[in-house]
Amino acid sequence: MAKIRAVLFDMGGTLVKPEPTPKVFKKILKAHGIILPIEKISKATEKAREKLGIEKMMELGNKFWVNFNFIVLKYLGIKDYVLPLAEAIDREWWEYANISLYPEVLEVLHKLRERKMKIGIITNTFKYDLEKVLSKLNLKDFFDIETCVDVAGKAKPDKEIFNYALEKLGLQPTEAVFVGDELEIDYEGALKAGLNTFLIDRENKVDRNIKRIRNLKEILNFI
Ligand SMILES: [Mg+2]
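Draft legend 1. Examining the coordination of the magnesium ion more closely. The protein atoms that coordinate the magnesium ion are D10 (OD), G12 (O) and D181 (OD), at distances spanning 2.1 to 2.2 Å. All donors of the magnesium ion belong to a single chain; written as a sequence motif, their spacing is D-x1-G-x168-D. Of this pair, G12 sits in the loop between β1 (6-9) and β2 (16-17) while D181 sits in the loop between β6 (176-180) and α10 (183-192), placing them 169 residues apart in sequence. Overall, the relative accessible area of 33% leaves G12 in the partly exposed class. Under the relative-accessibility criterion, D181 is labelled partly exposed at 27%.

Below, the structure written as structure tokens:
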């Protein structure tokens, strides 16, 4: 194994515990005078996900989430002011979404720093959202590289988004570790790009013979 010089992380589900999308929707809708059961909202967000996959992120750019919200509202049977409401949900999202770091994250990041590792994020989000998240978590300007879909022009599992980050750091794939929580998007994508890849499986759900960790602290044993 080449000497490891960087550890790159996925964001949601890996470093950051997000609040489920339907819960955030419910709060914002309530603030706009619309009260709906969470089950109904969950079904609508699932359907919207099926209709609007990540491949559309590139095509729609920063209009992606307004489109997504619009589809959810349509599935919820909302008929009036659908577009302004979809735009308001997009604007207000991070005011309502509760996010937090997983308990071990700060300790792991600081230990990696002590070991002179470059630390980065590769996420299928837009720069605008990533910045909102990092500033909410007091991690603005902490990372050596923040790679998002609109910056790299590609989304995971495309190996080009991994290559983009590596090129910016001036590293070979074998000099980097990548950790993510989604098998197809993170694990298979990073593996194809040639990085030393780990799946973070906090709930021990994945029954496959792959490089799998339950807690980010385990990464420190591999570098
Ligand atoms: Mg994730």
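Draft legend 2. Focus on the side chain of E175. Mapped onto the elements, E175 comes out in the loop between α9 (159-169) and β6. Of note is the side chain of E175, whose polar atom sits 2.8 Å from the backbone nitrogen of Q172. Filtering out sequence-adjacent residues up to four positions away, E175 remains in contact with A2, K3, I4, R5 and A6.

Draft legend 3. Representation of the pattern of salt bridges. A complete count under the given rule lists 14 salt bridges for this structure. Among the salt bridges present, the one from E146 reaches K127, with a minimum N-O distance of 3.2 Å. A residue pair is termed long-range when its members are at least 10 positions apart, and E146 in strand β5 (residues 145-147) and K127 in helix α7 (residues 127-136) qualify at 19 residues. Residue E146 is classed as buried on the basis of its relative accessible area, which comes to 16%.

Draft legend 4. Spatial organisation of the pairing of strand β4 (residues 118-122). Along β4, 4 of the 5 residues are buried, which leaves the element largely enclosed by surrounding structure. Pairing geometry for β1 and β4, over 4 bridges, is parallel. Following the sheet pairing, L8 is matched in β4 by G120. Here β4 pairs with β5 via 3 bridges, running parallel. If you follow G120 over to β5, its bridge partner there is I145. With respect to chirality, the unit in which β4 leads through α7 into the neighbouring parallel β5 is right-handed.

Draft legend 5. Here's a closer look at the pairing of β6. Of all the 5 residues making up β6, 5 are buried; the element is thus mostly covered by neighbouring parts of the structure. Burial of the side chains of β6 extends over both faces: A176, F178 and G180 are buried on one face and V177 and V179 on the other. Examined bridge by bridge, β6 and strand β7 (residues 196-200) share 4 bridges and lie parallel to one another. The partner of V177 across the bridge, within β7, is N196.

Analysis parameters
- Residues numbered from 1 in each chain as written.
- Predicted model: local features only at pLDDT ≥ 70, side-chain atom pairs only at ≥ 80, totals over all residues.
- Heavy atoms only, no water.
- Donors = N, O, S within 2.8 Å, 3.2 Å for Na, K, Ca; no water.
- Helix = DSSP H or I, 4+ residues; strand = E, 2+ residues; numbered from the N terminus.
- Buried < 20%, exposed > 50% of the residue type's maximum accessible area, 1.4 Å probe, protein only.
- Polar contact = N/O pair within 3.5 Å; in protein donor to acceptor, adjacent residues only side chain to side chain.
- Contact = heavy atoms within 4.5 Å.
- Salt bridge = Lys/Arg side-chain N within 4 Å of Asp/Glu carboxyl O.
- Pairing = 2+ DSSP bridges.
- Right-handed = clockwise from strand over helix to strand, strands pointing away.

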